[in-house]
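Chain by chain, the residues:
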Amino acid sequence: MGEVLYEGKSKLVYRGEDENSILIRYKDTATAFNGEKKEELIGKGKLNAEISNIIFKYLAEKGIKTHLIKVVDDISVLVRKAEIIMVEVIVRNLAAGSFSKKYGVPEGTELRNTIVEFSLKSDALGDPMINESQITALGLAAKEELEEMTEQAFKINGILSDLFEEADIRLVDFKLEFGRAGGEILLCDEISPDSCRLWDISSGEKFDKDRFRRNLGNVLDGYKEVLRRLKNVRQK
Ligand code: UDP
């Protein structure tokens, strides 16, 4: 693997095949509340890698530009090296999590329209919410880039909401990261139960990281169920 270029909360970054690529390895570490809660969940890296790879490949088939070049092994992917835009894009289809808390809306409340919101990607500051004029004022992204990210976010939401619905799962909300490479904006990072809220449509059971955040138990059983169902619908 060579030397670690960067270590994040849930991933390791290594040199890639050339200066335009990097290798990302998923770790088993689970963190929440800005790293305050931390545990090793053996097998999480492999589950998230496989789930995210299925999703990224599916999005690429649907015309979304992503950083994924190829799957290297069950916890490693080769991706295009991109300059990460330090803004997290959050899409919400139902009220949950911080939105429910901040605005006093019960979790699961239907929304009259899909919400796209942004937060500053900063562990030190606890990822505070940030609006478009604040983002452009700080030079984090240009107006055109934000428009592109927002358009992609809506498109990805449509594609993935349908995919998960086929798997009898409600895509409640999720977080996206984008990066710049070769004059393009690419979808980067991962899409997995660590970065999405995924509820069983029939029972409402949670299959995502809220099991870890809220000590609901059997965290990885939820992730395994997501993978099992995604494989089922993708093999059809
Ligand atoms: N999310 C994430 N990383 C973050 C913040 C949020 O992946 O740093 C995901 C989270 O898993 C959920 C969605 O984005 O699917 C919305 O999260 P929310 O703003 O409700 O924050 P949370 O309740 O997770 O603190």
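This text gives an overview of the structure that appears in the document. Everything numeric in this text was worked out from a predicted model, so none of it was measured. (Residues numbered from 1 in each chain as written. Predicted model: local features only at pLDDT ≥ 70, side-chain atom pairs only at ≥ 80, totals over all residues. Heavy atoms only, no water.)

1. A short note on the overall build of the chain
What the chain contains, in helices and strands, is six helices and 13 strands. Here the C-alpha radius of gyration of the chain, 17 Å, is about what a compact globule of 236 residues would show, namely 18 Å. Per-residue burial for the chain yields a buried fraction of 51% across its 236 residues. Taking the contacts inside the chain whose residues are at least 6 apart along the sequence as the reference set, 58% of them involve residues at least 24 apart. Total accessible area on the chain stands at roughly 11600 Å², and carbon and sulfur atoms take up 48% of it. Positive and negative side-chain charges in the chain, numbering 37 and 42 respectively, have mean positions lying 2 Å apart. (Helix = DSSP H or I, 4+ residues; strand = E, 2+ residues; numbered from the N terminus. Rg over C-alpha atoms; globule rule 2.2 N^0.38 Å. Buried < 20%, exposed > 50% of the residue type's maximum accessible area, 1.4 Å probe, protein only. Contact = heavy atoms within 4.5 Å. Areas by Shrake-Rupley, 256 points an atom, 1.4 Å probe, with all protein chains shown as cover. Lys, Arg positive; Asp, Glu negative; His and termini not counted. Charge placed at Lys NZ, Arg CZ, Asp CG, Glu CD.)

2. Details of the pattern of salt bridges
Taken as a whole and judged by the stated rule, the model has 30 salt bridges. Residues Glu-190 and Lys-11 are paired through a salt bridge, measuring 2.9 Å at the closest nitrogen-oxygen approach. Placement of Glu-190 in the loop between strand E12 (184-188) and strand E13 (196-200) and of Lys-11 in strand E2 (residues 11-15) is noted, with a sequence separation of 179 residues between them. No difference in accessibility class separates Glu-190 from Lys-11, as the two residues are buried. Between Lys-175 and Glu-177 there is a salt bridge; the shortest N-O distance is 2.8 Å. Among the charged side chains, a network of salt bridges with common partners joins Arg-92, Glu-107, Glu-117, Asp-173, Arg-197, Asp-210, Arg-213 and Arg-214. (Salt bridge = Lys/Arg side-chain N within 4 Å of Asp/Glu carboxyl O.)

3. As for the nonpolar core
Formed by 49 residues in total, the largest nonpolar core has its most connected members in Ile-156, Leu-160 and Ile-191. Look past the residues within four positions of Ile-156 in its chain and what remains in contact with it is Leu-59, Ile-64, Phe-174, Leu-176, Phe-178, Leu-187 and Ile-191. The next biggest cluster of nonpolar side chains, apart from the first, holds seven residues, and it includes Ile-22, Ile-24, Ala-49 and Val-77. (Core = buried A, V, L, I, M, F, W, Y, C linked by side-chain atoms within 4.5 Å.)

4. Focus: the packing of aromatic side chains
Taken as a whole and assessed by the stated rule, the structure comprises one aromatic pair. Ring geometry for Phe-99 and Tyr-103: centres 5.0 Å apart, planes at 55°, overall tilted. Residue Phe-99 and its partner Tyr-103 are located together in helix H2 (residues 97-103), separated by four residues, close to a single helical turn. Residue Tyr-103 is classed as partly exposed on the basis of its relative accessible area of 44%. Positioned above the aromatic ring of Tyr-26, the side-chain terminus of Lys-11 is 5.7 Å from the ring centre. Its end group placed over the ring of Phe-212, Lys-37 keeps NZ or CZ at 4.7 Å from the ring centre. (Phe/Tyr/Trp six-rings, centres within 6.5 Å; stacked < 30°, edge-to-face > 60°. Lys NZ or Arg CZ within 6 Å of the ring centre and 35° of its normal.)

5. Focus on the site of the ligand
In the neighbourhood of the ligand, 15 residues make up the surrounding shell, with Arg-92, Ser-98, Asp-173, Arg-197 and Arg-213 lying closest. When the free accessible area of the ligand is taken as 500 Å², the share hidden by the protein chains comes to 77%. When residues of the shell around the ligand are traced back to their parent elements, those giving at least two are strand E9 (87-94), H2, strand E11 (169-181) and E13. Its residues assigned to classes, the shell around the ligand comprises four nonpolar, three polar and eight charged. (Near = heavy atom within 4 Å. Nonpolar A, V, L, I, M, F, W, Y, C, P; charged D, E, K, R; others polar.)

6. Details of helix H6 (residues 219-235)
Over its 17 residues, H6 extends 25 Å from the first C-alpha to the last, a length consistent with the 24 Å expected when each residue adds 1.5 Å. Restricting attention to buried positions, one finds in H6 the residues Val-219, Leu-220, Gly-222, Tyr-223, Glu-225, Val-226, Leu-227, Arg-229, Leu-230 and Val-233. On its buried face, H6 sits against helix H1 (44-61), helix H4 (143-166), E11, E13 and helix H5 (210-213). (Expected span 1.5 Å × (residues − 1).)

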